[in-house]
Amino acid sequence: MIVRFAVVAAYLATIVAANQLTAQFGPLPMGLGLTATAGTYAAGATLLMRDVAHDIGGRPMVVLAIIGGTILSAVVTTPRLALTSGVAFLVAETADMLIYVPLRRRGWVRAVLVSNLLGSIVDTALFLVIAGLPVLAGAPGQLLGKFWASAVAVAVVLIVRLMAVSHAVSG
């Protein structure tokens, strides 16, 4: 129960952080001449948290967390930004699930990386279209930022897992 609560809390935090950063700072340079909304890195972390939440509580938990994150985001940002983000996250969750669930049987890392790539594309395209932002100009920076955030988050999880296994073996 505590693990489920912690995962949902972390997932909600990444959703709200993505929206709060976007509302507060708007677009920022990402390097390589690209720009993205400030919340892109946090949005990339939501992709991993979505898969972790999926493993722990299934799709119903993920959908409830997205709805909760949308409501909390509406309180700290604007209803329009929160709704735009919420719709993009819900549709991206469906695309993610179609890839993640079958691939999960073949290994966690493969499932997360492939589903996060698809989820990033769907989330980015929908978010930019609904927000009225230029898709072709905004997508490369958004996708690069989400890729890096997702890759770093996956690396952290793998390191923690390896440390836990090492501790269990030596303990």
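Structure: see above.
Rules used in this analysis
- Residues numbered from 1 in each chain as written.
- Predicted model: local features only at pLDDT ≥ 70, side-chain atom pairs only at ≥ 80, totals over all residues.
- Heavy atoms only, no water.
- Helix = DSSP H or I, 4+ residues; strand = E, 2+ residues; numbered from the N terminus.
- Rg over C-alpha atoms; globule rule 2.2 N^0.38 Å.
- Buried < 20%, exposed > 50% of the residue type's maximum accessible area, 1.4 Å probe, protein only.
- Phe/Tyr/Trp six-rings, centres within 6.5 Å; stacked < 30°, edge-to-face > 60°.
- Lys NZ or Arg CZ within 6 Å of the ring centre and 35° of its normal.
- Expected span 1.5 Å × (residues − 1).
- Bend = angle between axes of the 7 residues up to and from the residue.

Participant: Now, about the overall build of the protein chain: what can you tell me, with residues and values included?
Facilitator: The number of helices and strands found in the protein chain is five helices and two strands. Moving toward the C terminus, one meets the helices and strands of the protein chain in the order α-β-β-α-α-α-α. For the protein chain, whose C-alpha radius of gyration is 16 Å, the value lies close to the compact-globule estimate of 16 Å for 171 residues. By the burial criterion, 42% of the 171 residues in the protein chain qualify as buried.

Participant: Describe the packing of aromatic side chains, with residues and values.
Facilitator: All told, the structure shown has one aromatic pair when counted by the stated rule. Between Phe147 and Trp148, the aromatic rings sit 5.3 Å apart at their centres with planes inclined by 70°, giving edge-to-face as the arrangement. By relative accessible area, which is 48% here, Trp148 ends up partly exposed. A cation over a ring is seen here: Arg161 above Trp108, with NZ or CZ 4.4 Å from the ring centre.

Participant: Tell me about helix 2 (residues 40–76), residues and numbers included.
Facilitator: Here helix 2 is 37 residues long, yet its end C-alpha atoms lie only 17 Å apart, well below the 54 Å a rise of 1.5 Å per residue gives. The principal kink in helix 2, of about 125°, is found at Gly57, preceding the proline Pro60 by one to four residues.

Bear in mind that shape data such as this cannot, by itself, settle questions of function.
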